[in-house]
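Each chain is listed here by its residues.
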Amino acid sequence: MSGLEKLKEIDIAIWEAINVQGHLPLGDLFFPILRNPITWAPLYLFLAIYIPFKFAKKGLYWCLFFILCFALADYTSASIIKPLVQRLRPCNDPILQQEILRLVDCGSGYSFPSSHASNHFALATFMVLTLGKSYKWIIIPAWLWAVSISYAQVYVGVHFPFDVLAGALLGMFIGLICSRIFNKKWAI
């Protein structure tokens, strides 16, 4: 068995532990809601209003970079990497159809990397590295938010764990780059 096959086997085993064996009634209600943009969009809208109000011109630049960070993470994961890798989502994998517990619409896109993970980890990294000095309390909630949304992707059956891990690493890298550029000129 090659190293790549062994990684895929581990990935599927972790996915099964979360999606097939790890379901709880409360999780079945909570995680589909958590991963829905209607749930998290108000938080990002609040930041888009509050940060410019609090930091004036620097706050407007912060919002611009926040949007840029999201756009770069989403475009890189969804439009560049996914078409190159073309990994099926667990919910579209014919081998897993008998065991998957599908809680949301599967979608037709590919699985690797998770765009939800890359987007939210990019934003969490950007928030922590740009606002963390002024608002230390934001650090733990930002990471918990990104981790929770990413975990929800596996729980509902639309991603494998390594999809989420790759998305998280990609997002953190993009968030780091965006925050360094922002902090160099407009640090809050």
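This one's a predicted model, so the numbers in the text were calculated from it and none came from an experiment. (Residues numbered from 1 in each chain as written. Predicted model: local features only at pLDDT ≥ 70, side-chain atom pairs only at ≥ 80, totals over all residues. Heavy atoms only, no water.)

## Some details on the packing of helix 3 (residues 37-85) against helix 6 (residues 161-186)
The angle between the axes and the distance between the axes are what describe a pair of packed helices. One can describe the packing of helix 3 onto helix 6 by two numbers: an axis separation of 10 Å at closest approach and a directional angle of 155°. With respect to their mutual orientation, helix 3 and helix 6 come out roughly antiparallel. The two elements helix 3 and helix 6 cross, and the hand of that crossing is right-handed. Judged by residue contacts, Lys58, Tyr61, Trp62, Phe65, Cys69, Leu72, Ala73, Thr76, Ser77 and Ile81 of helix 3 engage Leu170, Ile174, Gly175, Cys178, Ile181, Phe182 and Trp186 from helix 6. Partitioning the contact of helix 3 with helix 6 into residue classes produces 13 nonpolar, three polar and one charged. (Axes fitted to C-alpha atoms, helices over the stretch in contact; angles between N-to-C directions. Helix = DSSP H or I, 4+ residues; strand = E, 2+ residues; numbered from the N terminus. Parallel < 35°, antiparallel > 145°, perpendicular 65-115°, else oblique. Left-handed = near helix turned anticlockwise from the far one by under 90°. Contact = heavy atoms within 4.5 Å. Nonpolar A, V, L, I, M, F, W, Y, C, P; charged D, E, K, R; others polar.)

## Observations regarding helix 2 (residues 25-34)
Among the residues of helix 2, Gly27, Phe31, Pro32 and Leu34 are the ones counted as buried. Within helix 2, the buried residues cover an arc of 160° as seen down the axis, which keeps them to one side. More than 90 degrees from the buried face of helix 2, the exposed residues found are Pro25, Leu26, Leu29 and Ile33. (Buried < 20%, exposed > 50% of the residue type's maximum accessible area, 1.4 Å probe, protein only. Arc of directions from axis to C-beta.)

## Topic: the packing of helix 4 (residues 115-131) against helix 5 (residues 139-155)
Contact pair helix 4 / helix 5: the axes reach a minimum separation of 9 Å and the direction vectors enclose 175°. Relative to helix 5, the element helix 4 lies roughly antiparallel. Packed against helix 4, whose contacting residues are His116, Ala117, His120, Phe121, Ala124, Thr125, Met127 and Val128, the element helix 5 presents Ile139, Ala142, Trp143, Trp145, Ala146, Val147, Ile149, Ser150 and Gln153 at the interface. Along the lines of polarity and charge, the residues of the contact of helix 4 with helix 5 split into 12 nonpolar, five polar and no charged.

## What to know about the nonpolar core
Residues Trp62, Phe66, Phe126 and Met127 are the most contacted members of the largest nonpolar core, which totals 47 residues. Contributing elements (two or more residues each) for this core: helix 1 (3-20), helix 2, helix 3, helix 4, helix 5 and helix 6. Per element, the largest residue contribution to this core is 11 residues, and it comes from helix 3. (Core = buried A, V, L, I, M, F, W, Y, C linked by side-chain atoms within 4.5 Å.)

## Some thoughts on the environment of Asn92
Along the polypeptide, Asn92 turns up in the loop between helix 3 and helix 4. Taking the C-alpha atoms as reference points, Asn92 and Val158, separated by 66 residues in sequence, lie 8.4 Å from one another. If we ignore the near neighbours within four places in the chain, the residues touching Asn92 are Gln97, Cys106, Gly107, Ser108 and Gly109.

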